[in-house]
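Okay, here's what each chain looks like letter by letter:
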Amino acid sequence: MVSRKSRSARAASTPRPNTSVSISNITTPSILENIKVSTSLPELPAVQGDEVELRHVFMNLLLNARDAMPQGGEIQIEGGLEGERVKITIADEGRGIPQESLERVFDPFFTTKGAHGTGLGLSMAHSVMSRLGGEIRAGNRPQGGAVFILTFPGAEIQTTKAVARREARLQAAKDPRRGR
Ligand SMILES: Nc1ncnc2c1ncn2[C@@H]1O[C@H](COP(=O)(O)OP(=O)(O)OP(=O)(O)O)[C@@H](O)[C@H]1O
Ligand SMILES: [Mg+2]
């Protein structure tokens, strides 16, 4: 498993405001031909984030899984709670990610798809998840295929972070030399 919690990709767009987003509303796999998508998403608390950005994150993960299975196959989306955190895994039956690439898949412009890929999909996903205080990790399943694990912070953690950010902004406004 490779985790890049602290690194933020330069490909990030301007931050968008967070709202409550239902994960089951943003997994829209119907466009994937030849691919069976099985979901196991129990009732989960809404996560905090921007719905458009999170749709892009899921769409890129699903398209990556499809690209890895040119002959078709199955994508499994599973959700659950890990303590207060919402955890989503997206696993495929494709060729998997070579060990040396696992270190690089979240780097901006890293692609193995030549002219067909920009290499920005996972970099963007990483930025979005980092900004939410969440995490995205890449790995391989023992039986073959790649797996991506997304964890979203619990509502309580989010609230604490939001308060801390607001206080930092207030401090910076009081004393412009701070917070630079
Ligand atoms: N499910 C997967 N199975 C195997 N390799 C993957 C998978 N997902 C990502 N990768 C590898 O990670 C690379 C980077 O993925 P990323 O989504 O950032 O860019 P891309 O898919 O190449 O381009 P774009 O997202 O613009 O179409 C891919 O080129 C591929 O080598
Ligand atoms: Mg991609």
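I will try to describe carefully the structure that is included in this document. The shown structure was predicted, so the numbers you read here are calculated from the model rather than taken from an experiment.

Examining the nonpolar core
Among the nonpolar cores identified, the biggest contains 30 residues, and L61, I90, A125, V128 and F148 are the most heavily contacted of them. The biggest single contributor to this core is helix α2 (residues 51-67), with 6 residues. The residues contacting I90, other than those within four sequence positions of it, are L61, A65, I75, I77 and F148.

Some points on unusual backbone geometry
For F109, which is not glycine, the phi dihedral falls at a positive 75°. Assignment of secondary structure puts F109 in the loop between α3 (99-102) and α4 (121-131).

Some points on the environment of I77
Here I77 is to be found in strand β5 (residues 73-82). With 15 residues separating them along the chain, I77 and D92 place their C-alpha atoms 9.0 Å apart. Once residues within four sequence positions are removed from consideration, I77 is found in contact with T27, V37, T39, L41, I88 and I90.

Here we look at α4
Of all 11 residues in α4, 9 are buried, a share of seventy percent or more. Those residues of α4 not exposed but buried are G121, L122, S123, M124, A125, H126, S127, V128 and M129. G133 sits one or two positions beyond α4 and adopts a positive phi of about 80°.

A short note on the site of ligand 1
Surveying the vicinity of ligand 1 reveals 22 residues, the closest of which are N64, T111, G117, G121 and L122. Of all elements in the fold, only α2 and α4 reach the threshold of two or more residues within the shell around ligand 1. Its residues assigned to classes, the shell around ligand 1 comprises 8 nonpolar, 11 polar and 3 charged.

Parameters and conventions
Residues numbered from 1 in each chain as written. Chains lettered and ligands numbered in written order. Predicted model: local features only at pLDDT ≥ 70, side-chain atom pairs only at ≥ 80, totals over all residues. Core = buried A, V, L, I, M, F, W, Y, C linked by C-beta atoms within 7 Å. Buried ≥ 20, exposed ≤ 12 C-beta atoms within 10 Å, placed from the backbone. Helix = DSSP H or I, 4+ residues; strand = E, 2+ residues; numbered from the N terminus. Contact = placed C-beta atoms within 7 Å. Near = placed C-beta within 6 Å. Nonpolar A, V, L, I, M, F, W, Y, C, P; charged D, E, K, R; others polar.

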